[in-house]
Amino acid sequence: MKDVSLEGGTEHRDRFVAELGRWREVRGLSRAALARLMGYHRSYVSKVAGGSEPASREFAMAADEVLNSGGALWRAWTEQHAKNTRMPTRAATSIHPAAPDGPGDPGGALVVEHDHATLSYEDGVYRATMRRLLHNGGTQPITRYLIRISVDRYPGDPQRSNALYRNDPLTWDEIGLQAWHGQDRAVPMRWTVQQDRDAFKEVWLQFSAADQHFPLYPGESTWIEYTYTVSDTKWGHWFQRAVRLPTQRLSVTLEFPASVGPSVWGLHTSMSAESMPFQNSIRERAEGDGITYSWSTEDPPLHGRYRLEWAFGKPVRQPQQAAVITASQTMSQLGVVQDGNPILRRTARSFDLPAEAEDACRVVTELAAAARRISAAHTFGKGIGVSAPQIGIDRAAAVVVPPGSDSAVTLLNPEVVETSTEKDEQYEGCLSFFDVRCLVGRALAIHVRHTDIDGTDRITVFERGMARLVAHEIDHLNGVLCKDHLRPGIKPIPVEHYRETGRNWKY
């Protein structure tokens, strides 16, 4: 007979297995690929995913982190685990998901009074400096604290990231981890390795040094600080803060050279809501040769995730010669997948709505954010469209912003079901090869079947410029590029020869 307090029952396994399968689908990962990312044996992952083996607490935490589920996987495990052990859900979710409670472990007693992170970038290297004011609200002294270092160079392309870290894993030498205890880095802290994987590290910071111990006693507060470095060849253009302990204040500072032309935005994911833009703005301040971005929030929800992303829009100027950046390079730096990436030639996976409504909302939010940052870098007089494959997401979703409007049209599972016989030819630009323009023939009106978030199918008629924009994005979802429509003998023209930039369509 199994001890359900450790293993859970069938209901727990079914709930977690379903959630695990859903997030594997969202990220496009096989069981074998997930096993490599998590650092688990393939057979164990297959058994958990198939429901024949219960997921351990550590497995649930690692899966939530690797699949970036915003706490959904951890919630599925803890809520059902609480039911099976006849414990209230609140008690289960209030436990710090770092390790089982034990002597000297934080458990549910530790509160973060202030969590401040600074990420700076210089000469191709990122340095993260984390400062936390910790308070022991429990009855036992705390002697160690768990930290995590996780990197993903290509978050929209897991296979590419996996290959990168498999061939060139993150090492302790290059990280150069250092930690201190006290307000002014008074005492260095020892640390021990909990997990060591190619792109993910876990470390216990010990409340002790070579010749002394300084446990955090009940009712006391103390500052800790740690810092590490990662080269930009292994660090993607994002920095995520996950709220794993009750936290009173969370703040982040990003420091970039002005010469790289940074642009910064933020997304928040909680356990009860899909990914959304930050509720309060990110402040920008120029300081000498650098630009500083600051953001903070009070009382962030437990398991909430705050993700800052950025793009570099200008080249670093070298002495006596300015580097030249092309239109396609600009789009690549803004997060647009470029021609040659296999995802642009695949048929995107449809959404099962309303069952996958949360996934669809998350993808649409990321598309809208992409459209905003791209529009800030270029004038689109003819409107703009972005498909999910163009930002590395293999799902059937796109947004189209009409000319002269700020309101986006959202398309989920779109399909052209009827076209007008009347057509015209006009030049189109594609964000995935933005250095050229293609003369493409399109129907002046199209009937498009698409699905609402609640699962309702509807048909919308688009005409003229909007018909062209929508048809272009639907092509992307079917693995078709606008240059595929060129008539024989007609070639794309360089963008420098195109004279209609910033102007509306002509009819």
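What comes next is a walk through the structure.

**Structural notes on the side chain of aspartate 475**
Reasoning step 1: With respect to the helices and strands, aspartate 475 occurs in helix 12 (residues 464-477).
Reasoning step 2: Those residues within four positions of aspartate 475 in sequence are excluded, and the remaining contacts are Arg442, Val480 and His485.

**A short note on the sheet that holds strand 9 (residues 238-242)**
Reasoning step 1: Across the sheet, four strands lie side by side as 9-15-11-12; this open sheet has antiparallel pairing. Edge positions in the open sheet fall to strand 9 and strand 12 (276-277), since each of these has one partner strand only.
Reasoning step 2: Examined bridge by bridge, strand 9 and strand 15 (residues 305-312) share five bridges and lie antiparallel to one another. Bridging from a neighbouring strand, phenylalanine 239 pairs with leucine 308 of strand 15.

**A few points about the side chain of threonine 297**
Reasoning step 1: As for its placement among the helices and strands, threonine 297 is situated in strand 14 (residues 290-298).
Reasoning step 2: Residue threonine 297 is classed as buried on the basis of its relative accessible area of 16%.

**Section: the packing of aromatic side chains**
Reasoning step 1: Enumeration according to the criterion identifies 15 aromatic pairs in this entry.
Reasoning step 2: Between the aromatic rings of phenylalanine 256 and tryptophan 310, the centroid separation amounts to 5.3 Å while the plane-to-plane angle is 50°, which identifies the pairing as tilted. Of the two residues, phenylalanine 256 is situated in strand 10 (residues 249-257) and tryptophan 310 in strand 15; the sequence distance between them amounts to 54 residues. Accessibility assignment for this pair places phenylalanine 256 and tryptophan 310 in one class, buried.
Reasoning step 3: Their ring planes at 25° and their centres at 4.3 Å tell us that phenylalanine 278 and tryptophan 295 sit as a pair that is stacked. Taken together, the positions of phenylalanine 278 in the loop between strand 12 and strand 13 (283-287) and tryptophan 295 in strand 14 put the pair 17 residues apart, joining distant regions of the chain.
Reasoning step 4: A cation over an aromatic ring shows up here: arginine 185 above the ring of tryptophan 180, its NZ or CZ 3.9 Å from the ring centre.
Reasoning step 5: Cation over ring: arginine 395 sits above phenylalanine 351, and NZ or CZ is 4.2 Å from the ring centre.

**A few points about the nonpolar core**
Reasoning step 1: The biggest cluster of nonpolar side chains holds 50 residues, and the ones touching the most others in it are Phe207, Tyr228, Trp235, Phe239, Leu254, Phe256 and Trp310.
Reasoning step 2: Looking at this core, the elements that each hand over two or more residues are strand 1 (110-122), strand 2 (125-136), strand 3 (144-150), strand 7 (200-206), strand 8 (221-231), strand 10, strand 14 and strand 15.
Reasoning step 3: No other element matches the five residues that strand 1 contributes to this core.
Reasoning step 4: Counting residues in hydrophobic clusters, the runner-up holds 25 residues, among them Leu334, Ala360, Ala388 and Leu431.

Scoring rules and cut-offs
- Residues numbered from 1 in each chain as written.
- Predicted model: local features only at pLDDT ≥ 70, side-chain atom pairs only at ≥ 80, totals over all residues.
- Heavy atoms only, no water.
- Helix = DSSP H or I, 4+ residues; strand = E, 2+ residues; numbered from the N terminus.
- Contact = heavy atoms within 4.5 Å.
- Pairing = 2+ DSSP bridges.
- Buried < 20%, exposed > 50% of the residue type's maximum accessible area, 1.4 Å probe, protein only.
- Phe/Tyr/Trp six-rings, centres within 6.5 Å; stacked < 30°, edge-to-face > 60°.
- Lys NZ or Arg CZ within 6 Å of the ring centre and 35° of its normal.
- Core = buried A, V, L, I, M, F, W, Y, C linked by side-chain atoms within 4.5 Å.

These figures capture arrangement, not role.
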